[in-house]
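Structural description and commentary
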Amino acid sequence: MPDRTGPGFRARVGPPSRRAKVLLLTAGVLAALFLLFVMFAGLWTDWLWFRSVSYGSVFTSQLGAKVGLFAVFGLLMALVVGFNLWLAYRLRPPLAAMSVEQQSLDRYRMGVAPFRKWLLIGLSLLVGLAAGTAAGGQWRTWMLWLNGTSFGQKDSQFHLDVSFYAFDLPWYEFLLGFAFSAVIVSLIAATAVHYLYGGLRLQGPGRRASAGAQGHLAVLLGVFVLLKAVAYWLDRYALAVKSESYKGVEGWTGLRYVDANAFLPAKTILFFVAIICAALFFLTPIRRTWAPALIGFGLMALSAVLVGGLYPAIVQQFQVKPNEQAKETPYIQKNIDATRQAYGIADADVTQYKPIDATKPEKLQQDAQTISDIRLLDPNVVSPTFQQNQALRQYYAFPKTLDVDRYGDQDTVLGVRELDLTGVQQRNFINDHFKYTHGYGVVAAKGNQVDANGNPVYTQQSLPTTGSMGDYQQRVYYGEKSTTYSVVGPGMDEIDYTRDSDPDRTYQYTGGSGVSLDNPLTRAAYAVKFAEPQLLYSGAIKDGAKILYDRTPKERVEKVAPWLSIDADPYPVVEDGRLVWVLDGYTTSDGFPFASKTVLGDATKDSLTDQRGRTLTAVNEVNYIRNSVKATVDAYTGEVTLYQWDEADPVLKTWMKAFPGSVQPKADIPAALLPHLRYPQDMFKVQRDLLGMYHMTDATAFFNGTDIWEVPVDPTVNADEVQPPYYLTVRMPDAKEASFSLTTSFVPSGRKNLAAFMTADADPGPDYGKLRILRMTSDSGALGPALTQAKFNSDTDVAHQLTLLRNGADSDVVYGNLLTLPVGGGILNVEPVYLVARGAKVPVLKKVLAVYGDHNVALEDTLDKALAKVLGNAADGATTPTAPADPGSTTPTPPSTPTTPAPGANPALDKALADAQKAFTDGQNALKNGDWAAYGQAQQALQKALNEALAAEPKNGATPAPSGQPSGPPAPSPTG
């Protein structure tokens, strides 16, 4: 090889060759085209998705608002800045002064001269692009202002409709901020141009500014000061929605005494001072002197310090502090009233309650339904049990936290058997996206019963599922675990449910949802979107194939309704032959005057947040919330439907005007779905968080902080997180009958005893969402959750039994939900105890803890035994209607009945079965009448008859039915 560094070698110096230029240009063009196609792919696939779910108008309305704001404000900013750049150049002095400073600027002027026009256009467009992008992000503010609906309620200070603060003021503040930005950028740009061309000088003799530069900059400064005057005027109204920390409330909102009597008049005075100062700036080009304007500006700054800062501090120090309670009480009352109204807690019923430690049978009869429906099955614990018993395939899974619903009158714990790709043994492109595409069916169990082994009593089970829910489309293409895309359609065989008799069963999707991949351009767009080139050329994609994505219920609803905050817990409902996910949507605002603000993510956090998920909202800090929308997502077709739930909510009405046709009227909710709608947990958690302070409706008590409540820490988990609310069927003392409710408890701030117990009626109806609070008397001595758990743990007998249970079974003890219930005039606490074998990791219920008041603690095999111990004689018959456990069993179990042979084949057996049926009927009648004594006698007669039936047919008689599948009459249940 020749020496390239020797004397004969000449390095190539100069511009690149023509070939290199062509290559560079080609690479640049290809890169630009690729970036444009990536942008196009995102926009195109979004449009196809919205059109596939029949919400194309949401996409176009939202896109139109963003593009319109981008274009208008981007162009406006570009024009304003460009005009001022052009004007500054036009006003340049004809000759620059001969000075060292100007001579040094000559080379810059000469360098800019050939590109002056393009620099002006480029800088204007660059600034306009930034401003337009920022403006496009304000599409929500624009739509709310454009479609604003009156609240029909005025604030207590300025007597303006709440809609002004919620819809109008944010838009005016955005316009003001945009105007400030335009003036400031123009001022900076104009100053630079004037300096470059000699209109402004820092050195040399004579005037420092030419007449043109002086007039131009003075007008811009005058506009700036004029905008400041507008800002002072709007600040007056912003006082009604400003937030600060006060009296233990982090988001305290609204005017206080110093605001109303110092800041408010100060802002008014500063408004007029700014107007005068702006006028002086506008007169500067005429008077040819800066002195009056600068003096005026100095006086305005001094006024801002004295009037806007010092004067309010003096009022606070010498008027408010010496008599703060008297001064602040009227404003605290305004805050209390507005906050309770904004969060829907104004109508909460508060009843004084002094729990007793002993009760009577007649009192317990009133709470028969509450007692019989005490939920032993903890949906936050038993998911692994569902997984072990009912997943049936490695690639199926249940959520970590199951759901609670009611079917008939039975509280039911249920979960969807969803596809879990981590259980697929052969992971590849085809299996992940073409073969394993869907889950299968709902598994449900009674909330108040377990079988002889401590496992759930299933009412819907197996694969495909069978049970009380009847026939429905069980394939789950859209679910909480459906986080990846699938390609389905005609001729594309997917793995369906499998069973021993039919291991190769396949299925072809006919749901109609998804986006067609027949168009090569569409396939290329999705190949870019999912960074998967095989989508472009894979032969597995047949004609008519469709791609399903954005498949979790929460993200589908958030996408079609970007103006809603969605509850973190979608739950499944089987109705009219289909499986749907139900989601609760919230409309929020941070502009309700005087209502304190809260952060949704903080207010909804509890010990189960990581299992349930978090509430997402476009505006995380809010001071107004309504459960205004009920949404459904079909698990098979992916169809999204939004139903109007709160027909009086002005925020929802505003969004319905902005997106017409996107929300269906409340009357369209299917009759079969309506009974399954429930009061949402996140809404309830926000309300209980506020009620810790705002249950105090008297401003004096609020000021003194004499009765602050807290949500107790969950004592059943090793985390410093608050206790979640629980869905239970419970009767409040002032109610005639029990109802399906959300429940929670409160403890006094810094203490562990029970301060209050609260429920929200969760059933649709006239009392839906009604908040009822039992306030414990100060001398009640009722135990809060932490003290109750401590009482359980410190009991010698309980500790001894649990130790034996752990060591004997080589298992870990897991505590279920600690339920607090008002029963028989007192407070009953019940907690299921699960054992988890260290090898299997499957919890089974083995014991039940209970305490009534502050007396005996019970750890028994069954709930009825535990209640008998803690309630004494009053518990006769007032227990969960379950038959005695099998010998050796430690858990409640439903009675089993023998199968029935041919009549007359065994007279003794016939008589025993007839007696069993009679006893069962007698027990149900007694249950309906609340006659617990008669019910107890019927239970004894039923057990006796069942024993006689088994004795009459020792070989061919029935054996106990499998879990959840009784072979004879159903187990007696208080819910029928």
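Residues numbered from 1 in each chain as written. Predicted model: local features only at pLDDT ≥ 70, side-chain atom pairs only at ≥ 80, totals over all residues. Heavy atoms only, no water.

**Regarding the overall build of the chain**
Looking only at helices and strands, the chain features 27 helices and 34 strands. For the chain, buried positions account for 53% of its 976 residues. Sequence separation of 24 or more characterises 70% of the internal contacts of the chain that already satisfy a separation of 6 or more. Of the accessible surface of the chain, which amounts to about 42600 Å², a share of 58% is contributed by carbon and sulfur atoms. (Helix = DSSP H or I, 4+ residues; strand = E, 2+ residues; numbered from the N terminus. Buried < 20%, exposed > 50% of the residue type's maximum accessible area, 1.4 Å probe, protein only. Contact = heavy atoms within 4.5 Å. Areas by Shrake-Rupley, 256 points an atom, 1.4 Å probe, with all protein chains shown as cover.)

**Observations regarding the sheet that holds strand 13 (residues 486-488)**
Read across the sheet, 3 strands follow the order 13-17-16 without closing on themselves; strand pairing throughout is antiparallel. For this open sheet the edge positions go to strand 13 and strand 16 (515-516), each flanked by a neighbour on one side alone. Both strand 13 and strand 17 (residues 546-548) contribute to a ladder of 3 bridges, which runs antiparallel. Across the sheet, residue valine 487 finds its bridge partner in strand 17, namely isoleucine 547. (Pairing = 2+ DSSP bridges.)

**A word on the packing of aromatic side chains**
Counting across every chain of the model gives 50 aromatic pairs. Ring centres of tyrosine 395 and tyrosine 436 lie 5.1 Å apart, and the angle between their planes is 65°; this geometry places the pair in the edge-to-face category. Separated by 41 residues along the polypeptide, tyrosine 395 in the loop between helix 13 (383-390) and strand 4 (396-397) and tyrosine 436 in the loop between helix 14 (429-435) and strand 8 (439-440) bring together distant segments of the chain. With 6.1 Å between their ring centres and 20° between their planes, tryptophan 655 and phenylalanine 659 make a pair best called stacked. This pair shows no difference in class: tryptophan 655 is buried, exactly as phenylalanine 659 is. An aromatic cluster is built from Phe158, Phe164, Tyr165, Tyr172, Trp233, Tyr237, Phe271 and Phe272, whose rings are joined through pairwise contacts. It is arginine 256 that lies over the ring of tyrosine 246; its NZ or CZ is 4.0 Å from the centre. Seen from the ring of tyrosine 571, arginine 678 lies directly overhead, with NZ or CZ sitting 3.8 Å from the centre. (Phe/Tyr/Trp six-rings, centres within 6.5 Å; stacked < 30°, edge-to-face > 60°. Lys NZ or Arg CZ within 6 Å of the ring centre and 35° of its normal.)

**Examining the pattern of salt bridges**
Applying the stated rule across the entire model yields 27 salt bridges. One salt bridge in this structure joins glutamate 575 and arginine 578, with 3.2 Å as the shortest N-O distance. By relative accessible area, glutamate 575 is classed as buried at 2%. Of the residues examined, arginine 578 reaches a relative accessible area of 23% and is grouped as partly exposed. (Salt bridge = Lys/Arg side-chain N within 4 Å of Asp/Glu carboxyl O.)

**So, helix 13**
Those residues of helix 13 that sit buried are Ser383, Thr385, Phe386 and Gln390. The buried residues of helix 13 occupy an angular sector of 155° when the element is viewed end-on, so they sit on one face. Contacts from the buried residues of helix 13 go to strand 6 (410-416), strand 9 (442-450), strand 10 (456-461) and strand 33 (843-852). Two residues or fewer after helix 13 comes leucine 392, characterised by a positive phi angle close to 65°. (Arc of directions from axis to C-beta.)

**A closer look at the side chain of arginine 417**
By the element assignment, arginine 417 lies in the loop between strand 6 and strand 7 (418-419). One polar contact links the side chain of arginine 417 to the main-chain carbonyl oxygen of glutamine 390, over a distance of 2.8 Å. (Polar contact = N/O pair within 3.5 Å; in protein donor to acceptor, adjacent residues only side chain to side chain.)

**Thoughts on the sheet that holds strand 6**
The antiparallel open sheet is built from 5 strands, whose spatial order is 5-6-9-10-11. Pairing within the sheet leaves two strands with one partner each, and these edge strands are strand 5 (403-407) and strand 11 (466-467). Pairing between strand 9 and strand 10: 3 bridges, direction antiparallel. By the bridge assignment for strand 10, alanine 445 is matched with tyrosine 458. This element, helix 13, spans strand 6, strand 9 and strand 10 of the sheet and lies at about 60° to strand 10. (Axes fitted to C-alpha atoms, helices over the stretch in contact; angles between N-to-C directions.)

**Considerations on the nonpolar core**
In this structure, Val487 and Leu642 are the most contacted members of the largest nonpolar core, which totals 205 residues. Take this core: its biggest share by element is 18 residues, from helix 6 (residues 162-196). The contacts of leucine 642, once residues within four sequence positions are left out, are Tyr55, Val557, Val560, Ala561, Val629, Lys630, Ala631, Ser662, Val663 and Gln664. Formed by 14 residues, the second largest nonpolar core is a distinct cluster that contains Val798, Leu805, Leu818 and Val833. (Core = buried A, V, L, I, M, F, W, Y, C linked by side-chain atoms within 4.5 Å.)

**As for a nonpolar patch on the surface**
Residues Ile295, Leu299, Leu302, Val305, Leu306, Leu310, Ile314 and Phe318 make up a contiguous nonpolar surface patch of about 790 Å² in total accessible area. Within the fold, leucine 299 resides in helix 9 (residues 291-320). (Patch = residues over 30% accessible without salt bridge, like charges linked within 9 Å, V, L, I, M, F, W, Y side chains within 5 Å.)

**A few points about the pairing of strand 20 (residues 578-589)**
By the criterion of burial, strand 20 is predominantly enclosed, with 11 of the 12 residues buried. Note: strand 18 (residues 565-566) against strand 20, 2 bridges, orientation antiparallel. If you follow serine 565 over to strand 20, its bridge partner there is tyrosine 586. Alignment of strand 19 (residues 571-575) against strand 20, held across 5 bridges, turns out to be antiparallel. The residue of strand 20 that forms the bridge with tyrosine 571 is valine 582. In the sheet, strand 20 pairs with strand 23 (residues 624-634) via 10 bridges, with the strands oriented antiparallel. Considered in strand 23, the bridge of valine 582 is made with threonine 632.

**Looking at the confidence of the model for the chain**
Per-residue confidence for the chain averages 85 on the pLDDT scale, and 87% of its residues sit at or above 70. For the chain, per-element mean pLDDT is lowest for helix 19 (residues 609-612), which scores 67, and highest for strand 24 (residues 640-644), which scores 97. Predicted confidence for residues 880-903 stays below pLDDT 50, and this span has 78 contacts to residues more than four positions away or in other chains. Throughout residues 954-976 the model reports pLDDT below 50, and contacts reaching past four residues in sequence, or to other chains, amount to 52 contacts. (pLDDT = per-residue confidence, 0-100.)

**Here we look at the packing of helix 2 (residues 56-90) against helix 4 (residues 116-136)**
When two helices pack together, their arrangement is given by the angle between the helix axes and by the axis-to-axis distance. Interhelical geometry of helix 2 versus helix 4 gives an angle of 145° and a closest axis separation of 7 Å. As helix 2 packs across helix 4, the resulting crossing turns out to be right-handed. In contact with Lys66, Leu69, Phe70, Phe73, Gly74, Met77, Ala78, Val81, Gly82, Leu85, Trp86 and Tyr89 of helix 2, helix 4 contributes Arg116, Leu120, Leu123, Ser124, Val127, Gly128, Leu129, Ala131, Gly132, Thr133, Ala135 and Gly136. When the residues that make up the contact of helix 2 with helix 4 are grouped by side-chain class, the tally is 15 nonpolar, 7 polar and 2 charged. (Left-handed = near helix turned anticlockwise from the far one by under 90°. Nonpolar A, V, L, I, M, F, W, Y, C, P; charged D, E, K, R; others polar.)

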